[in-house]
Amino acid sequence: MTASNSTSGKRRQIARIVLGAGLILLPLGISAYKIFALGYDLTDILPQRRYRVTYDLRLDGQDEAVRVRTYLPGSDTRQEITQEQDHSPGFHLEVESSEQGREAVWSAARGRDGARIEHAFSVTLRPVRFAIDPALEVPTRYPDSLSPYLAPEEAIQVGAPEIQAVLEEIGADEGTVLERLRKIHERTASLGARPFKGLTDALTALRLGEASCNGKSRLFVALARTAGIPARLVGGLILDAGTKKTSHQWVEAWVGGHWVPFGPTNGHFAELPERYLTLYRGDAALFRHTRDINFDYRFHVSRALVPSPAARTWLPAFNVWALFERLGLSFALLRTVLMLPLGALLVVLFRNVVGMPTYGTFLPALLAAGAGLTGPGWGVAGLLIVVGCVAAVRWVFHRLQLLHSPMLAILLAAVTSSILATALLADHLQLGRLAYVTAFPIAVLAITAERFYLSLVERGSREALLHLGGTMVVMLACYVVMTSLAFQVLIIGFPEVLLLVVAADVYLGRWVGMRLFEYLRFRRLLAPEGEA
């Protein structure tokens, strides 16, 4: 080695050290500035779930005057309604507010047959949980405004002899507020479940020993009011993604100056889950309409992750969360984009340090990103199906000796056909989330299948299967890391951390150590003489 080469080598080493130090210190400094100077709260990094709910109402107006009434949700401390849109051609919409909630009234002088009303809104919600003071006694007097919530109603028979007898039987006629509410909750929650149609009043639910959410909630309210605790019904929806007709009812009781929720049907005591959407309060019907109009309805619910309100205001000029939201791009896409460099680092680690053979440098990371909707098991199954189908097509067309580009075009068509056929079959047979194999990038699947086939032809089945197995192992490892909530929170909240990933890439780029598989293969030769 000459003196010139030695000097050049030292300079490159110094440059690598300086670059590595910069790539480590810069993101640490930026992160510290965010936390200590700008006051970033780590809890604000977690994205929120935002639901999109659409009322889909249909009716036959028969050219007569028609009217449809229902409740729309309003914003309060627990739920925020945004992006409300109405599409009801031929109808006039009025929204009236009252103590029960926001009531929408669609009316038309001549409603046509097959008329359709669509009303959509976005909503973000938060769960609530209350801690009831165990020493809180039942007040002897309440403000006059609470009098309606202690009085009997047609379907809530407050003070009826059977209600009073049950109250005494379970011991809820005495004790603190917490003791009485817990006994009432246990009694109503113990009723059997039955999806009754129509109205089930409190006494009917008690006599039958089973009821739907309506009957259980009315019985809860009747018992609570008889025990001297104001209570009221709450109507709403449980927001699960998909299409549904079922609404839900739960209860609120006045405790220590607050309306505290209880759900005897699903066992919620002094708490309400995040996905419960409140539409109205009181013993009301969700829909009322003109008679004989063949009325039908559906609720369509979808959900997506969005940045928290605090996160949307962070460093506006560099806020990629806010950028994606303005562009109407999904949070899942942003998450995939930010997590790919970490997946790529893992691939480099497996290839350079472990010695795991894979197809392509970053195919495993891209396949892991595609498996986000299928999950790891169905993702591997979908990958094997598509690769097998495309390899078979490649074998058939190989005899024609086509040029490379036309062959790739044929393989793309084969990938498209195989994933669509797989999705249709999976949906028909209800094979879990295999139908979401359509979310895999088509080009990535085509390249994977092409390389598997070429490896099969040029190196034999053992090498081809070895590389395919290695690709799937690294893909699963990437999936675990890229879907880790801890890593997602870290990188989404502090994207500058990706510079640390680059620093690790720089280090592995100069890796000259023995790979793990090489060590296992040649360890006998490396052992000191006499130990081999």
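These lines cover the structure that appears in this document, whether it is placed above or below.

How each quantity is defined
- Residues numbered from 1 in each chain as written.
- Predicted model: local features only at pLDDT ≥ 70, side-chain atom pairs only at ≥ 80, totals over all residues.
- Heavy atoms only, no water.
- Helix = DSSP H or I, 4+ residues; strand = E, 2+ residues; numbered from the N terminus.
- Rg over C-alpha atoms; globule rule 2.2 N^0.38 Å.
- Buried < 20%, exposed > 50% of the residue type's maximum accessible area, 1.4 Å probe, protein only.
- Contact = heavy atoms within 4.5 Å.
- Areas by Shrake-Rupley, 256 points an atom, 1.4 Å probe, with all protein chains shown as cover.
- Phe/Tyr/Trp six-rings, centres within 6.5 Å; stacked < 30°, edge-to-face > 60°.
- Lys NZ or Arg CZ within 6 Å of the ring centre and 35° of its normal.
- Polar contact = N/O pair within 3.5 Å; in protein donor to acceptor, adjacent residues only side chain to side chain.
- Axes fitted to C-alpha atoms, helices over the stretch in contact; angles between N-to-C directions.
- Left-handed = near helix turned anticlockwise from the far one by under 90°.
- Nonpolar A, V, L, I, M, F, W, Y, C, P; charged D, E, K, R; others polar.
- Expected span 1.5 Å × (residues − 1).
- Salt bridge = Lys/Arg side-chain N within 4 Å of Asp/Glu carboxyl O.
- Pairing = 2+ DSSP bridges.
- Patch = residues over 30% accessible without salt bridge, like charges linked within 9 Å, V, L, I, M, F, W, Y side chains within 5 Å.
- Lys, Arg positive; Asp, Glu negative; His and termini not counted.
- Charge placed at Lys NZ, Arg CZ, Asp CG, Glu CD.
- Core = buried A, V, L, I, M, F, W, Y, C linked by side-chain atoms within 4.5 Å.

1. A few points about the overall build of the protein
Alright, step 1. When its secondary structure is counted, the protein shows 16 helices and 18 strands.
Alright, step 2. Relative to the compact-globule value of 24 Å for 532 residues, the protein shows a C-alpha radius of gyration of 32 Å, a clear excess of over 25%.
Alright, step 3. C-alpha extents for the protein along the principal axes are approximately 100 × 60 × 50 Å.
Alright, step 4. Scored against the burial criterion, the 532 residues of the protein give a buried share of 43%.
Alright, step 5. Within the protein, contacts between residues separated by at least 24 positions form 75% of all contacts whose residues are at least 6 apart in sequence.
Alright, step 6. In the structure as shown, the protein presents an accessible area of about 28000 Å², 58% of it carried by carbon and sulfur atoms.

2. Structural notes on the packing of aromatic side chains
Alright, step 1. Tallied over the entire structure, the rule returns 13 aromatic pairs.
Alright, step 2. Summarising the aromatic geometry, the rings of tyrosine 149 and tryptophan 259 are spaced 5.0 Å apart at their centres and angled 80° between planes, so their arrangement reads as edge-to-face. Highlighted residues: tyrosine 149 in the loop between β7 (128–129) and α2 (161–169) and tryptophan 259 in strand β13 (residues 258–263), separated in sequence by 110 residues. For the pair formed by tyrosine 149 and tryptophan 259, the shared burial category is buried.
Alright, step 3. In textbook terms, an aromatic cluster arises when at least three aromatic residues are bridged by ring pairs, as seen for Tyr55, Phe121, Phe287, Phe295, Tyr297 and Phe299.
Alright, step 4. Geometry around tryptophan 259 places arginine 232 over its ring, the cationic atom sitting 3.9 Å from the centre.
Alright, step 5. Note that lysine 245 overlies the ring of tyrosine 297, its terminal NZ or CZ placed 5.0 Å from the centroid.

3. Section: the side chain of arginine 69
Alright, step 1. Inspection of the secondary structure assignment puts arginine 69 in strand β2 (residues 64–72).
Alright, step 2. Within polar-contact distance, the side chain of arginine 69 engages the side chain of glutamate 96 at 3.2 Å.
Alright, step 3. Engagement of the side chain of arginine 69 in a polar contact is seen with the side chain of glutamate 103, the distance being 3.1 Å.
Alright, step 4. Leave out the neighbours within four places in its chain, and arginine 69 touches Glu96, Glu103, Ala104, Val105, Leu286, Phe287 and Arg288.

4. A word on unusual backbone geometry
Among all residues save glycine, negative phi is the norm, and among peptide bonds the norm is trans.
Alright, step 1. Although it is not a glycine, glutamine 62 sits at a positive phi angle of roughly 55°.
Alright, step 2. By relative accessible area, which is 46% here, glutamine 62 ends up partly exposed.
Alright, step 3. Within the chain, glutamine 83 stands out as a residue other than glycine whose phi angle is a positive 50°.
Alright, step 4. Turning to its location among the elements, glutamine 83 is positioned in strand β3 (residues 79–87).

5. Topic: the packing of helix α10 (residues 376–398) against helix α11 (residues 404–429)
Alright, step 1. Relative to each other, α10 and α11 sit at 145°, their axes nearing to 9 Å. Crossing of α10 over α11 shows right-handed handedness. Judged by residue contacts, Ile385, Val386, Cys389, Val390, Val393, Arg394, Phe397 and His398 of α10 engage Met407, Ile410, Leu411, Ala414, Val415, Ser418, Ile419 and Thr422 from α11.
Alright, step 2. Looking at the contact of α10 with α11, its residues break down into twelve nonpolar, three polar and one charged.

6. Focus on α11
Alright, step 1. Its 26 residues place the ends of α11 37 Å apart at the C-alpha level, agreeing with the 38 Å of an ideal helix rising 1.5 Å per residue.
Alright, step 2. Among all positions in α11, only Met407, Leu411, Ala414, Val415, Ser418, Ile419, Thr422, Ala423 and Ala426 are buried.
Alright, step 3. Contact partners of the buried residues in α11: α10 and α12 (442–459).
Alright, step 4. The first or second residue beyond α11 is glutamine 430, which carries a positive phi of 55°.

7. Re the side chain of histidine 185
Alright, step 1. Tracing the backbone shows histidine 185 in helix α3 (residues 177–189).
Alright, step 2. In terms of polar contacts, histidine 185 uses its side chain to reach the backbone carbonyl oxygen of histidine 268, at 3.2 Å.
Alright, step 3. Once residues lying within four places of it in the same chain are set aside, the contact partners of histidine 185 are Phe220, Phe262, Gly263, Pro264, Gly267, His268 and Phe269.

8. Remarks on the pattern of salt bridges
Alright, step 1. According to the stated counting rule, one finds 19 salt bridges in the structure shown.
Alright, step 2. One salt bridge connects arginine 102 with glutamate 84, and the closest N-O pair in it is separated by 3.4 Å. On the criterion of sequence distance, the pair formed by arginine 102 in strand β5 (residues 102–111) and glutamate 84 in strand β3 is long-range, its members being 18 residues apart.
Alright, step 3. Arginine 116 serves as the salt-bridge partner of glutamate 118, at 3.6 Å between the closest nitrogen and oxygen.
Alright, step 4. On the basis of relative accessibility, which here comes to 33%, the residue arginine 116 falls in the partly exposed class.
Alright, step 5. Three or more residues joined by partner-sharing salt bridges are found here, namely Asp56, Arg58, Arg116 and Glu118.

9. Description of the pairing of β5
Alright, step 1. Relative to β5, β2 runs antiparallel, the two being bridged by eight bridges. Bridge pairing in β5 links leucine 72 to arginine 102.
Alright, step 2. Here strand β4 (residues 92–97) pairs with β5 via six bridges, running antiparallel. In the strand pairing of β5, serine 97 is matched with arginine 102.
Alright, step 3. Connecting the antiparallel pair β4 and β5 is a turn made up of four residues, with glycine 101 showing a positive phi of about 150°.

10. What to know about the sheet that holds strand β17 (residues 287–289)
Alright, step 1. On the basis of which strands lie adjacent, the open sheet formed by four strands has the order β4-β5-β2-β17 and antiparallel pairing. A single partner strand is all that each edge strand has here, and the edge strands are β4 and β17. Shown here is a sheet whose adjacent strand axes are inclined to one another by a mean of 20°, direction ignored.

11. Here's the deal with the sheet that holds strand β12 (residues 248–255)
Alright, step 1. The antiparallel open sheet is built from five strands, whose spatial order is β14-β13-β12-β10-β16. A single partner strand is all that each edge strand has here, and the edge strands are β14 (268–269) and β16 (276–281).
Alright, step 2. Across six bridges, the pairing between strand β10 (residues 231–238) and β12 is antiparallel. In the strand pairing of β12, leucine 233 is matched with valine 251.

12. A look at a negative patch on the surface
Alright, step 1. A cluster of acidic side chains, namely Glu137, Glu168, Asp173, Glu174 and Glu179, defines a negative patch on the protein surface.
Alright, step 2. By the secondary structure assignment, glutamate 168 is in helix α2.

13. Quick notes on the nonpolar core
Alright, step 1. By size, the foremost hydrophobic cluster in this structure holds 52 residues, and its most contacted members are Leu445, Met475 and Cys478.
Alright, step 2. Looking at this core, the elements that each hand over two or more residues are α8 (331–354), α9 (363–370), α10, α11, α12, α13 (461–482), α14 (485–493) and α15 (498–509).
Alright, step 3. With twelve residues, the top contributor of residues to this core is α8.
Alright, step 4. With residues near it in sequence (within four places) discarded, cysteine 478 still touches Gly343, Leu346, Val347, Pro364, Ala365 and Ala368.
Alright, step 5. Counting 41 residues, the second largest nonpolar core, distinct from the first, contains Val166, Ala172, Val177 and Leu233.

None of the figures reported here should be taken as evidence of function without further support.
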